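Inside the fold
One letter stands for each residue in the lines below.
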Amino acid sequence: MQGFLTVIKPGPLTTLQDAGRFGVRHLGISQGGPADLQAWGWANWLLGNSWGSPALEITLGGLTLRAEQACRVALCGADMQARINGQPLTNNHAFTLAAGDELKLGMAKHGVRAYLAVAGGFIAKPILGSVACVMRDQLGGHQADGSKLAAGDTLAFSSNAFSSSYAADVMPQRQLPTDALPHYQEEATLMMIPGAQFRFFDDLSLLQAFTQPWRLDPRSDRMGIRLQGPMLHCNIESLISEGLTLGAVQVPPNGQPIILLNDRQTIGGYPRLGTLTPLACARLAQCQPGQTVRLCICTAKQAQAQYRKWRAALER
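Below is a summary of the structure that appears in this document. (Residues numbered from 1 in each chain as written. Predicted model: local features only at pLDDT ≥ 70, side-chain atom pairs only at ≥ 80, totals over all residues. Heavy atoms only, no water.)

Notes on the overall build of the chain
Looking only at helices and strands, the chain features five helices and 21 strands. A compact globule built from 316 residues should have a C-alpha radius of gyration of about 20 Å, and the chain, at 20 Å, falls within 12% of that. Dimensions along the principal axes, computed over C-alpha positions, put the chain at roughly 65 × 40 × 30 Å. Looking at the chain as a whole, 52% of its 316 residues are labelled buried. Accessible surface computed for the chain: about 14000 Å², of which carbon and sulfur atoms make up 53%. When the 27 positive and 22 negative side-chain charges of the chain are each reduced to one mean point, those points stand 2 Å apart. (Helix = DSSP H or I, 4+ residues; strand = E, 2+ residues; numbered from the N terminus. Rg over C-alpha atoms; globule rule 2.2 N^0.38 Å. Buried < 20%, exposed > 50% of the residue type's maximum accessible area, 1.4 Å probe, protein only. Areas by Shrake-Rupley, 256 points an atom, 1.4 Å probe, with all protein chains shown as cover. Lys, Arg positive; Asp, Glu negative; His and termini not counted. Charge placed at Lys NZ, Arg CZ, Asp CG, Glu CD.)

Set out below in C-alpha cells:
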C-alpha cells in the first residue's frame, strides 16, 4: 500500500535523488545523484533504509509538504530551520509525521542542501536503472522526466514501511555520530588526487593552488562550482577531450578552476589539476557562494580509505 506527501511549496530547486545513474556515460548521460553524498546517506541511515533509497534534495530551502498518511522521515544536511505544524525540529534527526501534518523548511541558514528521506524510500519509475533527477537530460525524478518538484505534486512512498501503531518498536532509533554532525559555516579543506596534467602546471601555480584560499563564485550549480583566486597556468596548449569524473578540477584559459559535480558533461578538453574525493565533493556541495575553501593533495589510497571508513559507518 502506498502513502503520499503533497507538495504545498516546492522551494526554488527540490529534486528526487538516489545514488546515481551509472554505466551510461558512454551515451553522454550524467550520473546525477545527491550532490552531498554524506548528508543523503546519513538521512537514509537514520531510517534504516538500504543504500540507494531515493530521497529529496532540497536546495536553498523553501519546501513545504503535507503528509496524507503517517510516515517516518529524516532530515539531514543544511540547517533550514524546519518545523512541523509550526513547532521547530532538530536537524539531522528522524521524526514522525502524522496524517495531515505540514513540514515546512525555511531558507538555508548554514549549508546549501538538505536531504529528506522517508522510511522505505520514495517510489518513482527508474530510467536507465535510476530515479536520479538530471534536469538537463530530462531524466529521472519523481515524474521520470527530469522535472523538479512543483506545487500540487505528490510523492509516493510505501506505507507498509511505517505504521504509527508499532513504529516505536520497529523503526530504528538512531542518532548521528558526533563526528558526523556538520559544521558548514567553517572553511572547508578539500582533498584532491593530482590529475594527469598536474605536472604541466608551472611551479608558481602549484604553490598558489595549495597555499591560497579559493572563493566560491556565485555562478555555480549541480554541474560544477567555479572558484575565484590566483590565476593558474598550464603549459599544455591543446588537449584532446577526455572523460570527466565526479570532482574533476578543470582549469580553463582564464586560470580559474571549475570543479565538476553530479550533473557535469561527460567529456571535456581543459587540463585537469586533479580530482576531488567523493567526500570532498559532498563537503563542497554545502559551501555557499562567497565562502572560502582550500585544496590539499592526497593519494588514491587515502581517498579510498576515507570513503570505506564512512561506508562502514553506514553499515552499523
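Next comes the rest of the write-up.
Quick word on the nonpolar core
Generally speaking, nonpolar side chains in soluble globular proteins are found buried as a group. By size, the foremost hydrophobic cluster in this structure holds 28 residues, and its most contacted members are Leu5, Leu56, Ile58 and Leu97. Where this core is concerned, the elements lending two or more residues are β1 (2-10), β3 (55-59), β4 (63-67), β5 (71-79), β8 (93-97), β10 (110-118) and β12 (154-158). Ranked by residues supplied to this core, first place goes to β5 with four residues. When near neighbours in sequence (up to four residues on either side) are disregarded, Leu5 contacts Leu65, Arg66, Ala67, Cys71, Leu97, Phe122, Asp153, Thr154, Leu155 and Phe157. Formed by 26 residues, the second largest nonpolar core is a distinct cluster that contains Leu206, Leu232, Ile259 and Leu295. (Core = buried A, V, L, I, M, F, W, Y, C linked by side-chain atoms within 4.5 Å. Contact = heavy atoms within 4.5 Å.)

Re the side chain of Asn44
Mapping Asn44 onto the fold places it in helix α1 (residues 37-46). Judged by relative accessible area, Asn44 falls into the buried class, the value being 3%.

Things to note about the packing of α1 against helix α5 (residues 300-314)
Close contact between α1 and α5 brings their axes to 10 Å; oriented N to C, the two are set at 20°. Between α1 and α5, the angle falls in the class roughly parallel. Every pair of crossing elements has a handedness; the one defined by α1 and α5 is right-handed. The segment α1 lies against α5, with Leu37, Gln38, Gly41, Trp42 and Trp45 engaging Tyr307, Trp310, Ala313 and Leu314. (Axes fitted to C-alpha atoms, helices over the stretch in contact; angles between N-to-C directions. Parallel < 35°, antiparallel > 145°, perpendicular 65-115°, else oblique. Left-handed = near helix turned anticlockwise from the far one by under 90°.)

Considerations on unusual backbone geometry
Phi angles above zero are rare outside glycine, and Leu60 is one such case at about 75°. Inspection of the secondary structure puts Leu60 in the loop between β3 and β4. We classify Leu60 as partly exposed; its relative accessible area is 40%. The residue Gln81 is not glycine, and still its phi comes out positive at about 50°. With relative accessibility at 46%, the residue Gln81 sits in the partly exposed group.

Regarding the sheet that holds strand β2 (residues 13-17)
Reading across the sheet, the five strands line up as β2-β3-β10-β5-β8 and stay open at both edges, with antiparallel pairing between neighbours. Each of the sheet's edge strands pairs with one partner strand only, and the pair in question is β2 and β8. Between one strand axis and the next, the sheet turns by 25° as a mean value, whatever way the strands run. With six bridges joining them, β5 and β10 adopt antiparallel strand pairing. Following the sheet pairing, Cys76 is matched in β10 by Tyr115. Helix-sheet contacts for α1 involve β2, β3, β5, β8 and β10, and the interaxial angle to β5 is about 155°. (Pairing = 2+ DSSP bridges.)

A word on the environment of Gln291
With respect to the secondary-structure elements, Gln291 resides in the loop between α4 (278-284) and β21 (292-297). Here the alpha-carbon distance between Gln291 and Ala188, two residues 103 residues apart in the chain, equals 8.9 Å. Sequence-distant contacts of Gln291, defined by excluding residues within four places in its chain, comprise Tyr184, Gln185, Glu186, Trp214, Arg215, Leu216 and Gln286. Of note is the side chain of Gln291, whose polar atom sits 3.0 Å from the backbone oxygen of Tyr184. (Polar contact = N/O pair within 3.5 Å; in protein donor to acceptor, adjacent residues only side chain to side chain.)

Fair warning: the whole summary comes from geometry, so function is off the table for now.
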